[in-house]
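Results of the structural survey
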Amino acid sequence: MTSRNVPFFNYPYVFTSQEEEFLSIIQDVGRRGAFIMQSDLLDFEQHLAEYTGAKYALGVSNATDGLHIALRAAGIGPGEEVIFCSHTMVATAAAIHYAGATPIPAECGPDHLLDPASVEAVITTRTKAIMPTQLNGRTCDMDALQAIANEHDLLIIEDAAQALGSKYKGKMAGTFGLASAISFYPAKNLGCFGDGGAVLTDDEEMYDAMKLLRDHGRDEETGDVVMWGLNTRLDNLQAAILDYKLAHYADEIGHRRKIAALYQEKLGDLKELVLPPAPDSHPDHYDIFQNCEIEAEHRDELRAYLKEHGVGTLIQWGGKAVHQFEKLGFNVRLPYTERMFTRCLMLPMNRSLSDEDVAYVCATIRRFYGSE
Ligand SMILES: Cc1ncc(COP(=O)(O)O)c(C=O)c1O
């Protein structure tokens, strides 16, 4: 087998893949001097709302800020608890912390998403909301989470940072709860050229409050400052780039779903691995494969072997669930999640991969397990 170099993610490709188009967008925005809160942002927000089916979309600086202002707009704060899945980026918990509330970690399940049974186990009289992370481009079992929320009178605010376009029972991630946030970090399925994010909601009051919060609490008509706010706007230039990319987003998702199907075809029989479900293997789920997160026997040895043979992999969040970051002061054990973190590994999953790259990654894995 000829050796190849398959990086985990190809950052230059984000720009070089359509360099001409991007340069012309940058030139157009620059020549109009349209940098902050201009028509490109409004267009993108409208198109994003149409795409997701949410009533309102607002561009923000990043998903972390998006979750933060969503919590604040929902009135969640000191003395209240918000339950989140510990298999998430620390950003989810940080948003809860900075809203003044207490983040309460819960377990992930075999699908690596928030486990509804674990949520029920940590509900207290202070619990105000559940913040499920729609991880790896797959949406949680929202029926189960909604039933718990209804029973205990809790809000749902979704961390849909990794899930734009993913669906559960035909409904898009980010449109289940009171509000949600999406990330446009460059490695995301819809990535911009720096930080970027959006919040979604169907609720007019939430929309109005989040709009004020993202722009210094200023009323956009009068300029009057009507509350304490932040500066967390999405740059107009990023919005212009994202609007162009959103129009071609189906190609991005299609490419990733094809790669996921190839991984399944070439590795599905290996007993040493647990792969994410193949595209369309479950009628309730439409996955967009932000990541291909597997579980592997002898994970660290496999990772080293892949590296030696030119294949980049990643263990999410530096190899720890949020509650395992000691300095953050969580004092809980989540055995299922902790075991999962000794086994999980992300294989390359991005637009720059060719079928040959994927075949090489799979052949290298098979060779590692002696199953060529
Ligand atoms: C699950 C999850 N939540 C939140 C975030 C934070 O997004 P951002 O970097 O846009 O603030 C990320 C980003 O990687 C994420 O993956």
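Let us look at the structure shown here. From a predicted model like this one, the values you see are computed outputs, not experimental measurements.

**Section: the sheet that holds strand β12 (residues 292-296)**
Across the sheet, which stays open at both edges, the three strands sit in the order β10-β12-β13 with antiparallel pairing between neighbours. Bordering the open sheet on either side are β10 (273-274) and β13 (344-347), each of which pairs with just one other strand. Where β12 meets β13, four bridges bridge the pair, whose relative direction is antiparallel. Residue pairing in the sheet places I294 in a bridge with L345 of β13. Those strands touched by helix α11 (residues 299-308) are β10, β12 and β13, and its axis lies near 25 degrees from that of β13.

**A few points about the site of the ligand**
With respect to spatial proximity, 15 residues lie near the ligand, and among them A63, T64, D159, S183 and K188 are the closest. One of the side-chain N or O atoms of Q162 is found 2.9 Å from an oxygen atom in the ligand. One nitrogen or oxygen atom from the side chain of S183 is found 2.7 Å from an oxygen atom belonging to the ligand. Burial of the ligand by the protein amounts to 93% of the accessible area it has alone, namely 390 Å². When contributions to the shell around the ligand are tallied by element, the ones reaching two or more residues are α4 (63-73) and α5 (90-98). Residues belonging to the shell around the ligand are distributed by class as follows: five nonpolar, eight polar and two charged.

**A closer look at the packing of aromatic side chains**
The relative placement of two aromatic rings is captured by the distance of their centres and the angle of their planes. One pass over the full model with this rule turns up 12 aromatic pairs. Centroid distance F15 to F22: 6.1 Å. Interplanar angle 25 degrees. Geometry classified as stacked. Since its relative accessible area comes to 0%, F22 is described here as buried. Note on Y56 and Y207: the rings are 4.2 Å apart at their centroids and 15 degrees apart in plane angle, and the pair reads as stacked. With Y56 in strand β1 (residues 56-60) and Y207 in helix α8 (residues 204-214), the pair connects residues that are 151 residues apart, well separated along the chain. For the pair Y56 and Y207, one class covers both residues: buried. Within the aromatic cluster, the residues linked to one another by ring pairs are F15, F22, F193 and Y244. Looking at K167, its charged tip hangs above the ring of Y286, at a distance of 4.9 Å from the centre. Above the face of the F176 ring, K171 is positioned so that its terminal group lies 5.5 Å from the ring centre.

**Some words on a nonpolar patch on the surface**
A grouping of M89, V90 and L328 is seen on the molecular surface, where their side chains present a nonpolar patch of about 260 Å² in accessible area. Along the polypeptide, L328 turns up in the loop between α11 and α12 (335-340). The partly exposed category is assigned to L328, whose relative accessible area is 49%.

**Topic: the side chain of D215**
Turning to its location among the elements, D215 is positioned in the loop between α8 and α9 (236-247). Polar contacts involving the side chain of D215 include one to the side chain of R233, which spans 2.8 Å. With near-sequence residues (within four places) excluded, D215 lies in contact with M37, L230 and R233.

**Structural notes on helix α3 (residues 39-52)**
At 3.6 residues per turn, the α-helix brings residues three or four places apart onto the same side. Compared with the 20 Å implied by 1.5 Å per residue over 14 residues, the 20 Å span of α3 between its first and last C-alpha is a close match. Within α3, burial applies to D40, L41, F44, E45, L48, A49 and T52. Buried residues in α3, looked at end-on, bunch into an arc of 165 degrees, giving them a common side. When the buried face of α3 is taken as reference, the exposed residues oriented beyond 90 degrees from it are L42 and E50. Those residues of α3 hidden inside the fold are in contact with α2 (19-32), β1, β7 (171-172), β9 (197-201), α8 and α9. Following α3 by one or two positions, G53 adopts a phi angle in the positive range, close to 85 degrees.

**Things to note about the nonpolar core**
Counting residues in hydrophobic clusters, the biggest one holds 52 residues, and the most contacted among them are Y263, L267, L273, L347 and I365. Breaking this core down by element, the ones donating at least two residues are β2 (81-85), β3 (102-106), α7 (142-152), α10 (249-267), β12, α11, β13 and α13 (355-368).

**Quick notes on the sheet that holds β7**
Across the sheet, which stays open at both edges, the three strands sit in the order β7-β6-β11 with antiparallel pairing between neighbours. The open sheet terminates on both sides in strands that have one partner only, identified here as β7 and β11 (285-286). Here strand β6 (residues 167-168) pairs with β11 via two bridges, running antiparallel. Looking across to β11, one finds that Y168 is bridged to H285.

Basis of the calculations
Residues numbered from 1 in each chain as written. Predicted model: local features only at pLDDT ≥ 70, side-chain atom pairs only at ≥ 80, totals over all residues. Heavy atoms only, no water. Pairing = 2+ DSSP bridges. Helix = DSSP H or I, 4+ residues; strand = E, 2+ residues; numbered from the N terminus. Contact = heavy atoms within 4.5 Å. Axes fitted to C-alpha atoms, helices over the stretch in contact; angles between N-to-C directions. Near = heavy atom within 4 Å. Polar contact = N/O pair within 3.5 Å; in protein donor to acceptor, adjacent residues only side chain to side chain. Areas by Shrake-Rupley, 256 points an atom, 1.4 Å probe, with all protein chains shown as cover. Nonpolar A, V, L, I, M, F, W, Y, C, P; charged D, E, K, R; others polar. Phe/Tyr/Trp six-rings, centres within 6.5 Å; stacked < 30°, edge-to-face > 60°. Buried < 20%, exposed > 50% of the residue type's maximum accessible area, 1.4 Å probe, protein only. Lys NZ or Arg CZ within 6 Å of the ring centre and 35° of its normal. Patch = residues over 30% accessible without salt bridge, like charges linked within 9 Å, V, L, I, M, F, W, Y side chains within 5 Å. Salt bridge = Lys/Arg side-chain N within 4 Å of Asp/Glu carboxyl O. Expected span 1.5 Å × (residues − 1). Arc of directions from axis to C-beta. Core = buried A, V, L, I, M, F, W, Y, C linked by side-chain atoms within 4.5 Å.

Coordinates in, geometry out; function isn't part of it.
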